[in-house]
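Each chain is listed here by its residues.
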Amino acid sequence: MTVPLSDTDRAYLEQAVRIADRGWGRVHPNPLVGCLLVKDGTVIAEGWHAEYGGPHAEAMALTLAGDRARGATAYVSLEPCRHEGRTPPCSRALRRAGVARVVYGAADPGGDSGGGGDELRAAGVEVVGPTFTERRARALNPAFHHRFRSDRPWVALKLATSIDGGIAARAGEQSWLTGPEARDEVHRLRASVDGVMVGARTARTDDPRLTVRVGAPPRVPPVRIVLDPRATTPLDGALLRTAREVPVWIFTGPEAPDAALAAIEAAGAVVHPVGSAGPHALDLDEVLRRCGERGISALLCEGGGRLGAALARADLVDRLALFVAPRVLGAEAVPAFPDWPAPVGAVAAPGPDSGWVPAAPPRALGVDSLLVF
Ligand code: AOF
Ligand code: ZN
């Protein structure tokens, strides 16, 4: 159950959410968190979680405010933690600083870290929260919340289509659909995940680098992952040429020749053999499980069409990052989801960013959220 908020409280809390974004690319797998300390109608300090393992948002704000925190209201986008983790518990820090009131957004799903709200209440602090629905909380820190519900990584699928729903003008062709704004957003998404994944055909035809080259560099560059059943990723391509600079993982299947695997390893990439799911297809559950075991908690799939459709078909997509270009590809275009048994609709994440209304779909795409650009 969520607690209702006054307009003033909501405005400050939304400001805390915007501040949280300053940690983008630096804090995952921990959540983005923002905190605002307000006293007598004035913001006296802003704090945010700026670096994984570093001070929490509340701690930063309290340090900046010093003695002025006494009697203030703290607005925090996530319930204050009460655990002794990499940093001391924020519930204790807020209490000791004499903060009179705490208004927070999302409930902390963490077993040990959660429950700071109740602890503060018990200590006599006025606490208002949780005030975000689970859906809102998940939209802000999707991979963080996903971790408590699943063993596999959170998966975002980037899909660029024409307005008539095509992903390429003709089979096997690369069609450049979107513009610089979309490219910037993709780099921003890359900075927030642990792995960026493509299929082997995309690695061969597009020769992508899959690095973050726009905006502030992430704390850890995402691992570049190719799903390559037959080990055909070109040795002289952009990925394998730079495999010693930013890690490259190649998932291969039983069809892969030993010599190709040896050459890929010699180039500095890590080969992960997994089971097959038919000709030229890998067992996606196994791929994701392996990724999870090796510390990938959030994954961005950038295509191609076949891999994206296979992930969606297996209900392995949590977020669809949909880029719709103002172009028409026409009758010969390759559809984003070929050979589906029935027309596809999507479950829209309501929110300020999405004015999208789903058609009544015979078969819904099982995504948690949808971003449309
Ligand atoms: C953050 N930043 O601002 C807040 C968090 O890894 P630790 O020990 O720093 O603890 C991370 C947990 O603390 C995290 O899972 C969440 O439950 C809680 N709150 N975490 O990284 C913050 N407020
Ligand atoms: Zn904390």
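Nothing here was measured: the structure is a model prediction, and the numbers come from that model.

**A word on the overall build of the protein**
Link 1 in the chain: Along its length, the protein carries 12 helices and 17 strands.
Link 2 in the chain: A compact globule built from 373 residues would reach a C-alpha radius of gyration of about 21 Å, and the protein, at 23 Å, matches this within 12%.
Link 3 in the chain: Overall size of the protein, expressed as C-alpha extent along the three principal axes, is 65 × 45 × 35 Å.
Link 4 in the chain: Counting over 373 residues, the protein shows a buried share of 46%.
Link 5 in the chain: When contacts within the protein are restricted to residue pairs at least 6 apart in sequence, those whose partners lie at least 24 apart make up 69%.

**A look at the nonpolar core**
Link 1 in the chain: If you look at the biggest cluster of nonpolar residues, it comprises 60 residues, and the most contacted ones within it are V155, L157, L299 and L311.
Link 2 in the chain: If one sorts the elements of this core by residue count, strand β6 (residues 154-162) sits on top with six residues.
Link 3 in the chain: Apart from the residues within four sequence positions on either side, L299 is in contact with P153, V155, V193, D194, G195, M197 and C291.
Link 4 in the chain: Counting 44 residues, the second largest nonpolar core, distinct from the first, contains L36, W48, M60 and L62.

**Considering the sheet that holds strand β9 (residues 223-227)**
Across a sheet, strands are paired by hydrogen bonds formed along the backbone, either parallel or antiparallel in direction.
Link 1 in the chain: In space, the eight strands of this open sheet follow the order β11-β10-β9-β8-β12-β6-β13-β17, with parallel pairing throughout. The sheet is open, and its two borders are formed by β11 (270-273) and β17 (369-372), each paired with just one other strand. Ignoring which end each strand starts from, the neighbouring axes of this sheet average 20° apart.
Link 2 in the chain: Lying on the sheet, helix α12 (residues 305-313) is in contact with β6, β8 (195-199), β9 and β12 (298-301); it crosses β6 at an angle near 130°.

**Remarks on unusual backbone geometry**
Link 1 in the chain: Of the consecutive residues G129 and P130, the connecting peptide bond is found in the cis state with omega at 0°.
Link 2 in the chain: Tracing the sequence through the fold places P130 in the loop between β5 (126-128) and α5 (134-140).
Link 3 in the chain: A cis amide bond links G303 with the next residue in sequence, G304, at an omega value of 0°.
Link 4 in the chain: Structurally, G304 can be placed in the loop between β12 and α12.
Link 5 in the chain: One non-glycine residue, D207, adopts positive backbone phi at about 50°.
Link 6 in the chain: Among the secondary structure elements, D207 is positioned in the loop between α8 (200-205) and β9.
Link 7 in the chain: With phi around 60°, D315 is a residue other than glycine that occupies positive phi space.
Link 8 in the chain: Tracing the backbone through its elements, the reader meets D315 in the loop between α12 and β13 (319-325).

**Notes on the sheet that holds strand β1 (residues 34-39)**
Link 1 in the chain: Pairing is mixed across the open sheet formed by five strands, whose spatial order is β2-β1-β3-β4-β5. The sheet is open, and its two borders are formed by β2 (42-48) and β5, each paired with just one other strand. Across the sheet, the mean angle from the axis of one strand to that of its neighbour is 15°, orientation sign disregarded.
Link 2 in the chain: As defined by bridge partners, strand β3 (residues 73-78) adjoins strand β4 (residues 101-106) across five bridges and the pair is classed as parallel. Its bridge partner being in β4, A74 is matched across the sheet by V102.

**Some points on the pairing of β11**
Link 1 in the chain: Pairing geometry for strand β10 (residues 248-252) and β11, over four bridges, is parallel. Residue T252 lies in a different strand from β11, and its bridge partner there is P273.
Link 2 in the chain: Where the polypeptide runs from β10 across helix α10 (residues 258-266) and back to β11, its parallel neighbour, the crossover connection is right-handed.

**Focus: the pairing of β2**
On a regular strand, one side chain projects to one face of the sheet and the next to the other, so that they alternate.
Link 1 in the chain: Two strands pair when backbone bridges link them, and β1 and β2 are joined in this way by six bridges, in the antiparallel orientation. Note that in β2 the partner of L36 across the bridge is E46.
Link 2 in the chain: With antiparallel pairing between neighbouring strands as the criterion, β1 and β2 make up a hairpin whose turn holds two residues, including D40 at a positive phi of roughly 50°.

**Some thoughts on helix α7 (residues 180-191)**
Link 1 in the chain: Relative to the 16 Å expected for 12 residues at 1.5 Å per residue, α7 spans 17 Å between its end C-alpha atoms, a close match to the ideal helical length.
Link 2 in the chain: Of all the positions in α7, only V186, L189, R190 and A191 are classed as buried.
Link 3 in the chain: Each element contacted by the buried residues of α7 is listed here: β6, β8, β12 and β13.

**Some details on the confidence of the model for the protein**
Parts of the prediction with low pLDDT should not have their coordinates interpreted in detail.
Link 1 in the chain: Per-residue pLDDT for the protein averages 91, and the proportion of residues at 70 or more is 92%.
Link 2 in the chain: Under a pLDDT of 50 for its full length, residues 356-362 has, in the predicted model, 13 contacts with residues more than four places off or in other chains.
Link 3 in the chain: What the predictor reports for the complex is a pTM of 0.90 with an ipTM of 0.90.

**Observations concerning α12**
Link 1 in the chain: Buried residues of α12: G305, L307, G308, A309, L311 and A312, and no others.
Link 2 in the chain: Where α12 terminates, the next one or two residues include D315, which has phi positive at roughly 60°.

**Here we look at the environment of A20**
Link 1 in the chain: Along the chain, A20 falls in helix α1 (residues 7-20).
Link 2 in the chain: As for A20 and W48, which are separated by 28 residues in sequence, their C-alpha atoms are 5.4 Å apart.
Link 3 in the chain: Dropping the residues within four chain positions of it, A20 is found in contact with L32, V33, G34, W48, A57 and S77.

**Here we look at the environment of T87**
Link 1 in the chain: Among the secondary structure elements, T87 is positioned in the loop between β3 and α3 (90-96).
Link 2 in the chain: Taking C-alpha positions, T87 is 16 Å from G34, a pair spaced 53 residues apart along the chain.
Link 3 in the chain: Once you skip the residues sitting within four places of it in the chain, T87 turns out to touch P55, H56 and A59.

Criteria and thresholds
Residues numbered from 1 in each chain as written. Chains lettered and ligands numbered in written order. Predicted model: local features only at pLDDT ≥ 70, side-chain atom pairs only at ≥ 80, totals over all residues. Helix = DSSP H or I, 4+ residues; strand = E, 2+ residues; numbered from the N terminus. Rg over C-alpha atoms; globule rule 2.2 N^0.38 Å. Buried ≥ 20, exposed ≤ 12 C-beta atoms within 10 Å, placed from the backbone. Contact = placed C-beta atoms within 7 Å. Core = buried A, V, L, I, M, F, W, Y, C linked by C-beta atoms within 7 Å. Pairing = 2+ DSSP bridges. Axes fitted to C-alpha atoms, helices over the stretch in contact; angles between N-to-C directions. Right-handed = clockwise from strand over helix to strand, strands pointing away. Expected span 1.5 Å × (residues − 1). pLDDT = per-residue confidence, 0-100.

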